[in-house]
Amino acid sequence: MTKGKGSNGANEAGLAGKLLTALQTSDLGAAARSTADAAVMLMQACEDGQYQTALEENLELWIALATLAENGYISAPELAEQIKRLAQFVIASTTTINDGGLADKTLVTLITIDLQIAAGFVDAACQSLVRRRAYEIWEEEGYPFGQDKIHWQRAEAELYSA
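Residues numbered from 1 in each chain as written. Predicted model: local features only at pLDDT ≥ 70, side-chain atom pairs only at ≥ 80, totals over all residues. Heavy atoms only, no water.

*Asks:* I'd like a description of helix H5 (residues 104–140), backed by residues and values.
*Replies:* End to end, H5 covers 54 Å across 37 residues, agreeing with the expected 54 Å (1.5 Å per residue, within 8%). Among the residues of H5, those classed as buried are Leu107, Leu110, Ile111, Ile113, Asp114, Ile117, Ala118, Phe121, Val130, Arg133, Ala134 and Ile137. Looking one or two residues past H5, Gly142 carries a phi angle of roughly 85°, positive in sign. (Helix = DSSP H or I, 4+ residues; strand = E, 2+ residues; numbered from the N terminus. Expected span 1.5 Å × (residues − 1). Buried < 20%, exposed > 50% of the residue type's maximum accessible area, 1.4 Å probe, protein only.)

*Asks:* Run through the nonpolar core, naming residues and quoting values.
*Replies:* Counting residues in each nonpolar core, the largest one holds 36 residues, and the members touching the most others are Leu19, Leu23, Trp62, Leu65 and Phe121. Listed by contribution, the elements that provide at least two residues to this core are helix H1 (15–24), helix H2 (28–48), helix H3 (51–70), helix H4 (77–98) and H5. With residues up to four places along the chain from it excluded, the contact list for Leu23 reads Leu28, Ala31, Leu65, Leu68, Tyr73 and Phe121. (Core = buried A, V, L, I, M, F, W, Y, C linked by side-chain atoms within 4.5 Å. Contact = heavy atoms within 4.5 Å.)

*Asks:* Now, about the environment of Thr21: what can you tell me, with residues and values included?
*Replies:* Residue placement: Thr21 occurs in helix H1. In this structure, the C-alpha to C-alpha distance between Thr21 and Ala31, residues ten residues apart in sequence, is 8.4 Å.

*Asks:* Any details on the packing of H5 against helix H6 (residues 148–160)? Residues and values, ideally.
*Replies:* Helices that pack against each other are described as a pair by the angle of their axes relative to one another and the distance between those axes. The N-to-C vectors of H5 and H6 enclose an angle of 120°; their axes lie 8 Å apart at closest approach. Taken together, the axis directions place H5 and H6 in an arrangement best described as oblique. Crossing of H5 against H6: the hand is right-handed. Residues Cys126, Gln127, Leu129, Val130, Arg131, Arg133, Ala134, Ile137, Trp138 and Glu140 of H5 form the contact with H6, whose own contacting residues are His151, Trp152, Arg154, Ala155, Glu156, Glu158, Leu159 and Tyr160. Across the contact of H5 with H6, the residue classes tally to ten nonpolar, two polar and six charged. (Axes fitted to C-alpha atoms, helices over the stretch in contact; angles between N-to-C directions. Parallel < 35°, antiparallel > 145°, perpendicular 65-115°, else oblique. Left-handed = near helix turned anticlockwise from the far one by under 90°. Nonpolar A, V, L, I, M, F, W, Y, C, P; charged D, E, K, R; others polar.)

*Asks:* Tell me about H1, residues and numbers included.
*Replies:* Three or four residues apart is the spacing at which side chains of an α-helix point the same way, because the helix has 3.6 residues per turn. Taken as a whole, H1 has its buried residues at Leu15, Ala16, Leu19, Ala22 and Leu23. Projected down its long axis, H1 carries its buried residues within an arc of 125°, all on one side. Structurally, H1 contributes buried residues whose contacts are with H2, H3 and H5. A positive backbone phi angle near 60° is found at Ser26, which sits one or two residues after H1. (Arc of directions from axis to C-beta.)

Structural data, given as structure tokens:
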């Protein structure tokens, strides 16, 4: 259930909560939206100078990402370690900003990281769709041996040409 917006314009459910739910349910599209929304909030903060809410949402999102990586919800070990390192950077950068050390370069870096993670979730979601469709093709053809590359290519062609 999605809650409405509060008086400060932030979603009361919070981006971190949405991200947690998305990754726990393997909804990579929703995970991409949450991280992209965090980037958009930071961009809007650049325009209107209201950084606090955007930084808090972004920080909570990265704490959630680190927690998910730590608890095995990110299945690729290298990706989980990379997310944990990025989370440490985001937390340290946000602390510096909150201590009065706001630098446009740091804010742009945080936005870029969020967008790159969102793109990674989109890519993973696309790969998941291709994998699922390739499996369906394999089933439809009676489970033939050695046709995995052909099924994968056909699934990509079907999904990416749509």
